[in-house]
Protein chains: 2
Amino acid sequence: MIDTDELMSIRAAELYYEENKTQDEIGSILRLTRWKVGRLLAQAKASGFIRIEIVHPRARRLPVERRLREATGLKDAIVVSSVGVAGDEELQSRTAQAAADYLTGLRPIPRTLGISWGRTLHDVSLHLKHGWAPGVDVVQINGGVSLNKRAGTAATTAATIAHKAFGAATLLPSPAILERLETKHAIESDRAVAAVLEQAAGASAYLYSAGQADEHSALVDSGYLSADEVGELVRKGAVGDIVGRYIDKNGAIVDPELDERTLGIQLEQLRRASLAIAVISGSAKHAVARAIVGSGLCTVLVTDEDTARALLGDDV
Amino acid sequence: MIDTDELMSIRAAELYYEENKTQDEIGSILRLTRWKVGRLLAQAKASGFIRIEIVHPRARRLPVERRLREATGLKDAIVVSSVGVAGDEELQSRTAQAAADYLTGLRPIPRTLGISWGRTLHDVSLHLKHGWAPGVDVVQINGGVSLNKRAGTAATTAATIAHKAFGAATLLPSPAILERLETKHAIESDRAVAAVLEQAAGASAYLYSAGQADEHSALVDSGYLSADEVGELVRKGAVGDIVGRYIDKNGAIVDPELDERTLGIQLEQLRRASLAIAVISGSAKHAVARAIVGSGLCTVLVTDEDTARALLGDDV
DNA sequence: ACCCCGTCTGCTCATATGAGCAATCTGCCC
DNA sequence: GGGCAGATTGCTCATATGAGCAGACGGGGT
């Protein structure tokens, strides 16, 4: 009867879920008591024969979120569903949307939000609704894009987020990476820059994304590094960058000399922050995500299902 | 609020289906009354955001079956689910299994079952359980495979089905297609053959499959026709063959001269039968399936979801 | 400003479902 | 064949859910 039972549970499931019959009705159809039907149904669910999916761009995966929180000690985890997604493009958009949602629902509302810049952050800024918060000041936490043609993206991101929250944006008027250490020290001690760094250090929340360590990095795109230099960093163990700083799989700085010349808040400041939100999505960023979460660089992670599962070591 | 409502229904669905919360609990989490939650959930289902799939090789698609019955006037339709299926191979096996299940559950139990032969029917015979019926005689309804190396497949199929039902198998001792019309007439009037044909004509149920019209047909494989001859039939409008006879999309005989030389029951006999079960699966057979169902050649169709949807004209 | 009509809300009540328990059955060892 | 342990069954009772309805609400039209 072992086989019969499984088959019956499938028949029952068809009638229950596809034909919306009551367990009672199914009972009389299959010549079973309604309790047996209930048990068959429970068994079918337990055996995983019944798959329930929520098909919507804004759908999240709460069970995965909980497992992530439990496994990593994150204060919070937001995982967007990746069912029915075409490419990384759409996945990143969904993740950015989720980050925007998370920010909007955040309580207490941060007074000052420190942000990095990049494609992802820009995406988040676009997904935020006008009036998402009743007054939040935004401050950049690392040097901006100013060398390349897309100049202004970083500034626009900060300005948009602040504007939509009826707050002020403070930009960090400096390159991300300086060529000479002396220049970096000089610019760092400039009153205008120092003030921003100070404000950044005192932000009540941080929001940043991460770049993968390859020639597609925004830092390469912006002209701060050459593809060769990044290749060298990868050889030294770099898995990606956050706020302009390259880290290895343990979340440690890969190249101290380069890091010295990088302007913006220190990783330690992020690690000490009580609220640091990392927004990371796409299969290319699984490694950075692992490094960030593993080394306590964020307290909240917003990501996609695939990345989350990679962090959890799920197969499939 | 239109957008908010949809988002809320998704949040509610996550909590309900992924976290097994009660609508009440969800209500207090989302700050809604439990009735609102119920409505949101109903709305999410209605909008198709909640997809419930039964993942099991023996799972059927009852709603599709009903639509098929309603749209075509079939007495019954059995549609196996094609979720998570690798190739046609697996689909055909599932369909054969379903046909075996259907035969087993059939009431009243037919006294004599007329069957054709082929890969599909053989598959069905293997899926039947020993003792599937308390006595059913089996009779072949068209000429058998005897020209090629796989000789005996047809005989084995009939014998297996009969044996497992504690009944007798009657084989049709004749080729499927004769080269000359006179030979056909001669063999047809032979006592041994005529008796079988008579028994076949009086069967209480028929079970047969169909072949697609191309060089992979079992008739080509068995050496009754050459690939060229089949190509010619296709040019004349053939979409496939059943019981050795090639039909066009209207279920009409394509080549009367060839058909005259084909030995076995007439299509009209199938059309008049009160129980004619066609077992058809695989994307290559959508066209034949349409011809068979459309021209009333079967009263019961056992098929896969894709074929069923093709018959119904569903997109997706 | 007023009213009307259609929609939405929160309710009552009937029904469906799940938890837990005692009775029964089944296989298994002696 | 007897008796025992664990599984399985059918039940009672508490709970969750869905149908249907009366009142509140909203947004045009006059």
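Scoring rules and cut-offs
Residues numbered from 1 in each chain as written. Chains lettered and ligands numbered in written order. Predicted model: local features only at pLDDT ≥ 70, side-chain atom pairs only at ≥ 80, totals over all residues. Heavy atoms only, no water. UniProt positions renumbered as here; feature names shortened; annotations may be inferred. Pairing = 2+ DSSP bridges. Helix = DSSP H or I, 4+ residues; strand = E, 2+ residues; numbered from the N terminus. Contact = heavy atoms within 4.5 Å. Axes fitted to C-alpha atoms, helices over the stretch in contact; angles between N-to-C directions. Least-squares fit on C-alpha atoms with pLDDT ≥ 70 in both. Buried area = accessible area lost by both parts, 1.4 Å probe. Salt bridge = Lys/Arg side-chain N within 4 Å of Asp/Glu carboxyl O. Buried < 20%, exposed > 50% of the residue type's maximum accessible area, 1.4 Å probe, protein only. Expected span 1.5 Å × (residues − 1). Near = heavy atom within 4 Å. Polar contact = N/O pair within 3.5 Å; in protein donor to acceptor, adjacent residues only side chain to side chain. Nonpolar A, V, L, I, M, F, W, Y, C, P; charged D, E, K, R; others polar. Arc of directions from axis to C-beta. Phe/Tyr/Trp six-rings, centres within 6.5 Å; stacked < 30°, edge-to-face > 60°. Domains from an automatic or database assignment.

As annotated in an unreviewed UniProt entry, chain A is Sugar-binding transcriptional regulator from Cryobacterium tagatosivorans. Per UniProt, the comment on chain A under Sequence similarities (unreviewed entry) is "Belongs to the SorC transcriptional regulatory family."

Draft legend 1. Focus on the sheet that holds strand S4 (residues 137–140) of chain A. All names here are of chain A. Read across the open sheet, the seven strands follow the order S2-S11-S10-S6-S3-S4-S5; overall the sheet is parallel. Two strands in the sheet have a free side with no partner beyond their single neighbour: strand S2 (76–80) and strand S5 (169–170). Taken together, the three bridges between strand S3 (residues 112–115) and strand S6 (residues 205–209) define a ladder with parallel strand orientation. Each bridged residue has a counterpart across the sheet, and for Gly114 the counterpart in S6 is Tyr206. Across the sheet, helix H15 (residues 305–312) lies against S2 and strand S11 (300–304), angled at about 115° from S11, the strand it touches most.

Draft legend 2. Broad picture of the relation of the copies chain A and chain B. Superposing chain A onto chain B requires a rotation of 180° together with a translation of 0.0 Å along the rotation axis, leaving an RMSD of 0.1 Å. Expressed as a symmetry operation, the mapping of one chain copy onto the other fits a two-fold axis. The rotation axis passes nearest to the C-alpha of Ile52 of chain A in chain A, at a distance of 2.2 Å. A symmetric contact is evident, with 100% of the interface residues of chain A recurring at the interface of chain B.

Draft legend 3. Broad picture of the sheet that holds strand S9 (residues 245–248) of chain A. Residues and elements named next belong to chain A. On the basis of which strands lie adjacent, the open sheet formed by three strands has the order S7-S8-S9 and antiparallel pairing. This sheet does not close on itself; its edge strands, each paired only once, are strand S7 (211–212) and S9. Pairing of S7 with strand S8 (residues 238–242), which is carried by two bridges, proceeds in the antiparallel orientation. Looking at S8, one finds that Gln212 is bridged to Gly240. Docked against the sheet, helix H14 (residues 286–294) engages S7, S8 and S9, running at close to 70° with respect to S8.

Draft legend 4. Focus on the interface of chain A and chain B. Contact residues are listed per partner, giving 27 residues for chain A and 27 residues for chain B. When chain A packs against chain B, close to 2900 Å² is buried across both sides, 53% of that on carbon and sulfur atoms. For chain A, the biggest contributors to the area lost against chain B are Glu18, Arg51 and Ile54 of chain A; these three give 21% of the whole. At the surface where chain A touches chain B, the tally comes to six salt bridges.

Draft legend 5. Structural detail: the side chain of Thr157 of chain A. Residue and element names in this part refer to chain A. Within the fold, Thr157 resides in helix H7 (residues 153–164). Take Thr157: its relative accessible area is 0%, and that puts it in the buried class. Apart from the residues lying within four places of it in its own chain, the contact partners of Thr157 are Ile115, Leu121, His122 and Ser125.

Draft legend 6. Seen up close, helix H7 (residues 153–164) of chain B. All names here are of chain B. Between its first and last C-alpha atoms H7 spans 16 Å; for 12 residues at 1.5 Å apiece the expected length is 16 Å, and the two agree. Listed in full, the buried residues belonging to H7 are Ala154, Thr157, Ala158, Thr160, Ile161, Ala162 and Lys164. Contacts made by the buried residues of H7 are with strand S3 (112–115), helix H6 (119–127), strand S4 (137–140) and strand S5 (169–170). Count one or two residues on from H7 and you reach Phe166, which has phi positive near 55°.

Draft legend 7. Quick peek at the protein's contact with DNA strand D. Around DNA strand D sit Thr33, Trp35, Lys36 and Arg39 of chain A together with Tyr16, Thr22, Gln23, Arg34 and Arg39 of chain B, and those are all the residues in its vicinity. Protein-adjacent atoms of DNA strand D, using a 4 Å cutoff, are sugar or phosphate at a proportion of 45%. Here a phosphate oxygen of DNA strand D sits 2.9 Å away from a polar atom, N or O, in the side chain of Tyr16 of chain B. Listed by contribution, the elements that provide at least two residues to the surface near DNA strand D are helix H3 (34–46) of chain A together with helix H3 (34–46) of chain B. By residue class, the composition of the surface near DNA strand D is two nonpolar, three polar and four charged.

Draft legend 8. H3 of chain B, seen in detail. Residues and elements named next belong to chain B. Taking 1.5 Å of rise per residue, 13 residues should cover 18 Å, and H3 covers 18 Å from first to last C-alpha, within 8% of that figure. Among the residues of H3, those classed as buried are Val37, Leu40, Leu41 and Ala44. Projected down its long axis, H3 carries its buried residues within an arc of 100°, all on one side. Residues of H3 that are exposed and point over 90 degrees away from its buried face: Trp35, Arg39 and Ala46. Remark: Gly48 follows H3 within two positions and exhibits a positive phi of approximately 80°.

Draft legend 9. Spotlight on the pairing of strand S2 (residues 76–80) of chain B. Residue and element names in this part refer to chain B. Across the five residues that make up S2, a large majority, four, are buried. Two elements, S2 and strand S10 (residues 300–304), share five bridges in a ladder whose sense is parallel. In the sheet register, Val79 faces S10, and the bridge partner there is Thr303.

Draft legend 10. Inspection of the protein's contact with DNA strand C at higher detail. Residues in close proximity to DNA strand C include Tyr16, Thr22, Gln23, Arg34 and Arg39 of chain A together with Thr33, Trp35, Lys36 and Arg39 of chain B, which together make up its full environment. Within 4 Å of the protein, the contacting atoms of DNA strand C are 47% sugar and phosphate, with bases supplying the remainder. Here Tyr16 of chain A contributes a side-chain N or O atom positioned 2.9 Å from a phosphate oxygen of DNA strand C. Gln23 of chain A is positioned such that a nitrogen or oxygen atom in its backbone is 2.8 Å from a phosphate oxygen of DNA strand C.

Draft legend 11. Examining the packing of aromatic side chains more closely. Residues and elements named next belong to chain A. Counted according to the given criterion, the structure contains two aromatic pairs over all chains. Each ring, one from Tyr16 and one from Tyr17, has its centre 5.0 Å from the other, and the planes form 90°; the classification is edge-to-face. The class for Tyr16 is partly exposed, based on a relative accessible area of 30%.

Draft legend 12. Local environment of the domain arrangement of chain A. Along its sequence, chain A is carved into domain 1 (4–47) and domain 2 (62–312). The C-alpha centroid of domain 2 of chain A is placed 50 Å from the C-alpha centroid of domain 1 of chain A.

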